[in-house]
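Coordinate analysis (summary)
Here is how the chains run, residue by residue.
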There are 4 protein chains.
Amino acid sequence: MSRGNTRQRIQDVALELFAEHGYEKTSLREIAERLDVTKAALYYHFKTKEDIVISLFSDLGRPVDELIAWAEEQPPTLETKREILRRYHAALAGARPLFRFMHENQATVRDLSIGETFKERMTTLAGMVQDPDASMADRVRCVSALFTLHAGLWVMQAVDGDQEEKSRAVLEVAEDLMSRAHHGE
Amino acid sequence: MSRGNTRQRIQDVALELFAEHGYEKTSLREIAERLDVTKAALYYHFKTKEDIVISLFSDLGRPVDELIAWAEEQPPTLETKREILRRYHAALAGARPLFRFMHENQATVRDLSIGETFKERMTTLAGMVQDPDASMADRVRCVSALFTLHAGLWVMQAVDGDQEEKSRAVLEVAEDLMSRAHHGE
Amino acid sequence: MSRGNTRQRIQDVALELFAEHGYEKTSLREIAERLDVTKAALYYHFKTKEDIVISLFSDLGRPVDELIAWAEEQPPTLETKREILRRYHAALAGARPLFRFMHENQATVRDLSIGETFKERMTTLAGMVQDPDASMADRVRCVSALFTLHAGLWVMQAVDGDQEEKSRAVLEVAEDLMSRAHHGE
Amino acid sequence: MSRGNTRQRIQDVALELFAEHGYEKTSLREIAERLDVTKAALYYHFKTKEDIVISLFSDLGRPVDELIAWAEEQPPTLETKREILRRYHAALAGARPLFRFMHENQATVRDLSIGETFKERMTTLAGMVQDPDASMADRVRCVSALFTLHAGLWVMQAVDGDQEEKSRAVLEVAEDLMSRAHHGE
DNA sequence: GATGAATGAGTCTTCATTCAT
DNA sequence: AATGAATGAAGACTCATTCAT
């Protein structure tokens, strides 16, 4: 049945379990059992448990890196920032379980080797949408816009309604927040 | 030698470590060593590791319960909702490490016995600030206002400036978001 | 409420729990909780956990010692042996939980300091009812008579009927076994 | 180095220690040390400590199950009952340490998951050798016959003589007891 | 006559990891 | 590409025991 896809299947199952129960509470035994292979098999594909997380992060986190690279070459206009929001929104949608995992396991992620990278990326992104000369409130608005997207899952489970519709509303609110932070422009 | 404050000291150290490294990565040995007592001493004061978290939650989480109780008796006006934001903002400020722990260890908290309670409280609060007849975007605004406060720590570490000033700005943005969701009123 | 009788109450509860769950599985915490005192209180009355068993054994096991002392001065006739059975039967009835405990926890008792004494006593008793010149089968009969009494509880729970009636029947069978071992007399 | 016999070796050592010192007083550390493996190795072969006992019980207790199955299809004549005694005698001889363990650790066994099964089997067997219409004394005789075998070890250590000869005598006494319970037939 | 607080040694158990096959 | 067998380190937890008050 399965041929070269075992590595992929490990990633899938691992991400699912990590997101559901957290990294530390998910044991390699559990992952192996779900896949009906032995723990040792996991070690054929990944050097360590942490390696699995790293692989998830670099496979699924790439779009965010690309977004940052793109943004760094744009002028820091309101329109650019709105586009950042739109792209970030899309990136999140494409790797929801990974971002859920990261959002809900920050304490863990911080202690992992990817922690640093992760934090840097978020800081970079936050820096890009802020205007250093704006008022404190406006700077908070910009970061909050970003964060609203990032916490979309959370926000959305607290509101009733169609999934798609909520997702659009979240983006709308974020963009609006961003615009209000630039009322002068 | 030691007075009746050991229980309190355990809670303090535990909360600090839980918030810093997460619940699972913090061992009772670590807590005991910091306090210079034996692991068994912890068990004199708390039945299980989970019990420590539960005690933190019920000691420090009380203000939020009181807030909910109060809010349930108010009319659902804009002013009430703004007051909810102010009070929630104050409650968070009073137990920042606990909320940081909960925010950053959601996957863990979910698997703990307090998880249910915690989720209920957040859902109740989210329900109270929303107007069921409002547009989807406005409902998202309300929840996002709450969440902005809740994630204050996160937001604030991404913005430079004086701690106090940022804290006020966060509340201001939240209140403003809430107001915008009630433009008709 | 309780005055000088705490020691007695400890013994009662301890014996009950030891008989039900065994010596090692019964913790001092359990005993203390049942009595609604602290573990430390137990240590006021008994030096160690083993001391509790020892006290039970010397308080309740005395009748058997007396029986042995008495028997040692009698001629080894069939009638003496039947009287031993009757007296042993009575001694068992008077301290059923203790004998149940000893019977069902032999491995434990063996490792306790009383173990030696206990075994000696049983061996002495077994020696007294046997006739060294009898056939092997008859010697087994004598020991089996003793043992049938000793295992009365066990035997009796495998047979339906009135408690008292069964108890008498057990003694009858034991006496009959003993008589058959002495057919010549 | 080691072949597939580790599981078996664990069972052997465990049974020996359980029989000698009891289940609770035998630690996995002790078992592991005797085998010169780590405790974790035990867990590769058995899920829990209790699992070791369960495995012993189902490996070595099978003959008794077979005996019961066989007996259920026989007419309840005296001859059948004597054959039950003979077969039970043989079954016990084949797994003496296990039965010694069970006999001497009844309180423990009762609290283990196998306890129920064990008790059921003994009750079934006791039910099969009794004649419900017989006198109470005769019913006790039947059960006592069974029990005499079961306690053979105990009986035999209280009697001097050759092991084999005693074993035969025990069976003889048991058969005789059974016969006496059926004098009319 | 008893408690509150604590300890040290030990329990069972789980985990990530290794390696010969 | 994967397994069977095992390890070392660590985990949470329990226990009998002590002692100042």
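Residues numbered from 1 in each chain as written. Chains lettered and ligands numbered in written order. Predicted model: local features only at pLDDT ≥ 70, side-chain atom pairs only at ≥ 80, totals over all residues. Heavy atoms only, no water.

An unreviewed UniProt entry annotates chain A as TetR family transcriptional regulator originating from Streptomyces solincola.

1. Description of the interface of chain C and chain D
The condition that has to hold: A contact between two residues is defined here by any heavy atoms of the two lying within 4.5 Å. Here the quantity called buried area is the total loss of accessible area, with a 1.4 Å probe, experienced by two parts when brought into contact, counted for both. Polar contact criterion, stated in full: a pair of N or O atoms within 3.5 Å, where within protein one must be able to donate a hydrogen and the other to accept it, and residues adjacent in sequence count only if both atoms are side-chain atoms.
Taken residue by residue, the interface counts 44 residues in chain C and 44 residues in chain D. Of the roughly 4,100 Å² buried between chain C and chain D, counting both surfaces, carbon and sulfur atoms make up 61%. The largest per-residue losses of area from chain C upon contact with chain D belong to Met136(C), Phe147(C) and Trp154(C), which jointly make up 16% of the total buried on that side. The interface formed by chain C and chain D holds 18 residue pairs in polar contact (both at pLDDT 80 or more) in total.

2. Quick word on the UniProt feature "domain: HTH tetR-type" (unreviewed entry) in chain A
Applicable threshold: UniProt positions are given in the numbering used here, feature names are shortened, and annotations may be inferred rather than shown by experiment. Secondary structure counts use DSSP, requiring at least four H or I residues in a row for a helix and at least two E residues in a row for a strand, with both numbered from the N terminus.
Sites flagged by UniProt as "domain: HTH tetR-type" (unreviewed entry) map to residues 4–64 of chain A. Between the C-alpha atoms that bound residues 4–64 of chain A there is a distance of 28 Å. The span itself is 75% helix and 0% strand.

3. Considering helix α12 (residues 163–180) of chain D
Residue and element names in this part refer to chain D. Going by this rule: Helix span, as expected, comes to 1.5 Å for every residue beyond the first. Think of it in three bands: with a 1.4 Å probe and only protein chains considered, a residue is buried below 20% of the maximum accessible area for its type, exposed above 50%, and partly exposed in between.
The end-to-end C-alpha distance of α12, which contains 18 residues, comes to 26 Å, matching closely the 26 Å that a straight helix rising 1.5 Å per residue would cover. Listed in full, the buried residues belonging to α12 are Lys-166, Ser-167, Ala-169, Val-170, Leu-171, Val-173, Ala-174, Glu-175, Asp-176, Leu-177, Met-178 and Ser-179. Regarding α12, its N-cap is Asp-162, as a side-chain oxygen of that residue lies 3.2 Å from the backbone nitrogen of Glu-164 further along.

4. Here we look at the relation of the copies chain A and chain B
For clarity, the threshold we go by: The fit set for superposing copies consists of C-alpha atoms from residues with pLDDT of at least 70 in both; the fit itself is least squares.
When chain A is fitted to chain B, the residual RMSD is 0.1 Å, and the transformation amounts to a turn of 180 degrees plus an axial shift of 0.0 Å. This pairing of chains is accounted for by a two-fold axis. Measuring from the rotation axis to each C-alpha of chain A, the shortest distance belongs to Asn105(A), at 2.6 Å. In this assembly the copies share their binding face: 100% of the residues contributing to the interface of chain A also contribute to that of chain B.

5. Things to note about the relation of the copies chain C and chain D
Applying a rotation about an axis and a shift along it to one chain copy brings it onto the other copy. Relative to chain D, chain C is turned by 180 degrees and slid 0.0 Å along the rotation axis, the superposed coordinates differing by an RMSD of 0.1 Å. Counting the interface residues of chain C, we find that 100% of their copies in chain D are interface residues as well, pointing to one common contact surface.

6. Topic: the arrangement of the chains
When C-alpha atoms are compared, chain B and chain C, though not in contact, are closest at a spacing of 12 Å. Of all C-alpha pairs spanning chain A and chain D, none lies closer than 12 Å, and the two are not in contact.

7. Here we look at the interface of chain A and chain B
Quick note on the threshold: A side-chain nitrogen of Lys or Arg and a carboxyl oxygen of Asp or Glu constitute a salt bridge if their distance falls within 4 Å. As a working rule, the residues Ala, Val, Leu, Ile, Met, Phe, Trp, Tyr, Cys and Pro are called nonpolar, Asp, Glu, Lys and Arg charged, and the rest polar, with Gly in that last group.
Counting from both sides, the interface comprises 44 residues of chain A and, opposite them, 44 residues of chain B. Sorting the residues of chain A by area buried against chain B places Met136(A), Phe147(A) and Trp154(A) first, and these three jointly supply 16% of that buried surface. For the pair chain A and chain B, the interface holds 8 salt bridges. Two residues, Arg110(A) and Glu104(B), come together in a salt bridge whose shortest N-O distance is 2.0 Å. The tally of links between chain A and chain B comes to 18 residue pairs in polar contact (both at pLDDT 80 or more). Residue classes in the side of chain A that touches chain B are distributed as 18 nonpolar, 10 polar and 16 charged.

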